[in-house]
Amino acid sequence: DVQIEKFEGQFDHIFFLVAQRGNNTVASRYCSDDKGSKYRGMVLCLDYDDFHCQTREEMVKSVATVRRRIQQVLPYFSRIQFDEAAAVERLVAMSETTERLKNEPLEVYDTKFGIYGGRTGTAARSS
């Protein structure tokens, strides 16, 4: 609610993507099937496993799945050209950055991807 109020009136459309993992009570608040929810049409809830991937092949599949879900749930995006290859390349670069920073101190920060040092992850690799 705070984020919606913060941006309301500044943009024509506001959308949020929420990752659901396990029994996440915050995600479940926004990811209700309630047709009367004030978040309906603004929030797309994705299963964490839909976009948690390690190989390039998994990334290609994940990008296609997420694009399809975005266009199904948020019709506004069905009119927008979506470059899946560019999205995969961005995921690969982000994975490589995570791998590069994993042994760095927490104070090291990559501004492009918002990744801090000390995080674990596996760079994209062929399966």
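Described in the following lines is the structure provided in the data block. (Residues numbered from 1 in each chain as written. Predicted model: local features only at pLDDT ≥ 70, side-chain atom pairs only at ≥ 80, totals over all residues. Heavy atoms only, no water.)

**Description of the overall build of the protein chain**
Phase 1 of the analysis: Along the protein chain, the regular secondary structure elements total five helices and four strands.
Phase 2 of the analysis: In the protein chain, the order of α-helices and β-strands from amino to carboxyl end is α-β-α-β-α-α-α-β-β.
Phase 3 of the analysis: Relative to its 127 residues, the protein chain shows a buried fraction of 26%.
Phase 4 of the analysis: For the protein chain, long-range pairs separated by at least 24 residues make up 49% of all intrachain contacts whose partners lie at least 6 apart in sequence.
Phase 5 of the analysis: As presented, the protein chain carries roughly 9000 Å² of accessible surface, and 49% of it is formed by carbon and sulfur atoms. (Helix = DSSP H or I, 4+ residues; strand = E, 2+ residues; numbered from the N terminus. Buried < 20%, exposed > 50% of the residue type's maximum accessible area, 1.4 Å probe, protein only. Contact = heavy atoms within 4.5 Å. Areas by Shrake-Rupley, 256 points an atom, 1.4 Å probe, with all protein chains shown as cover.)

**With respect to the packing of helix H4 (residues 56-73) against helix H5 (residues 84-101)**
Phase 1 of the analysis: Running from N to C, H4 and H5 point in directions that differ by 130 degrees, and their axes come no closer than 9 Å. Accordingly, the angle class assigned to the pair H4 and H5 is oblique. The chirality of how H4 crosses H5 is right-handed. Here Arg56, Met59, Val60, Val63, Ala64 and Arg67 of H4 lie close against H5, whose contacting residues are Glu84, Ala87, Val88, Glu89, Leu91, Val92 and Ser95.
Phase 2 of the analysis: Looking at side-chain class alone, the contact of H4 with H5 contains eight nonpolar, one polar and four charged residues. (Axes fitted to C-alpha atoms, helices over the stretch in contact; angles between N-to-C directions. Parallel < 35°, antiparallel > 145°, perpendicular 65-115°, else oblique. Left-handed = near helix turned anticlockwise from the far one by under 90°. Nonpolar A, V, L, I, M, F, W, Y, C, P; charged D, E, K, R; others polar.)

**Regarding the packing of aromatic side chains**
Phase 1 of the analysis: Inspection of the entire model under this criterion finds one aromatic pair.
Phase 2 of the analysis: A ring pair is formed by tyrosine 109 and tyrosine 116, whose centres lie 4.6 Å apart and whose planes are at 45 degrees; its orientation type is tilted.
Phase 3 of the analysis: We classify tyrosine 109 as partly exposed; its relative accessible area is 41%.
Phase 4 of the analysis: Owing to a relative accessible area of 37%, tyrosine 116 belongs among the partly exposed residues under this scheme. (Phe/Tyr/Trp six-rings, centres within 6.5 Å; stacked < 30°, edge-to-face > 60°.)

**Concerning the environment of lysine 102**
Phase 1 of the analysis: Assignment of secondary structure puts lysine 102 in the loop between H5 and strand S3 (109-110).
Phase 2 of the analysis: Along the primary structure lysine 102 and glycine 117 are separated by 15 residues, whereas in three dimensions their C-alpha atoms are 5.4 Å apart.
Phase 3 of the analysis: Reaching out from lysine 102, the side chain makes a polar contact with the side chain of glutamate 99 at a distance of 2.9 Å. (Polar contact = N/O pair within 3.5 Å; in protein donor to acceptor, adjacent residues only side chain to side chain.)

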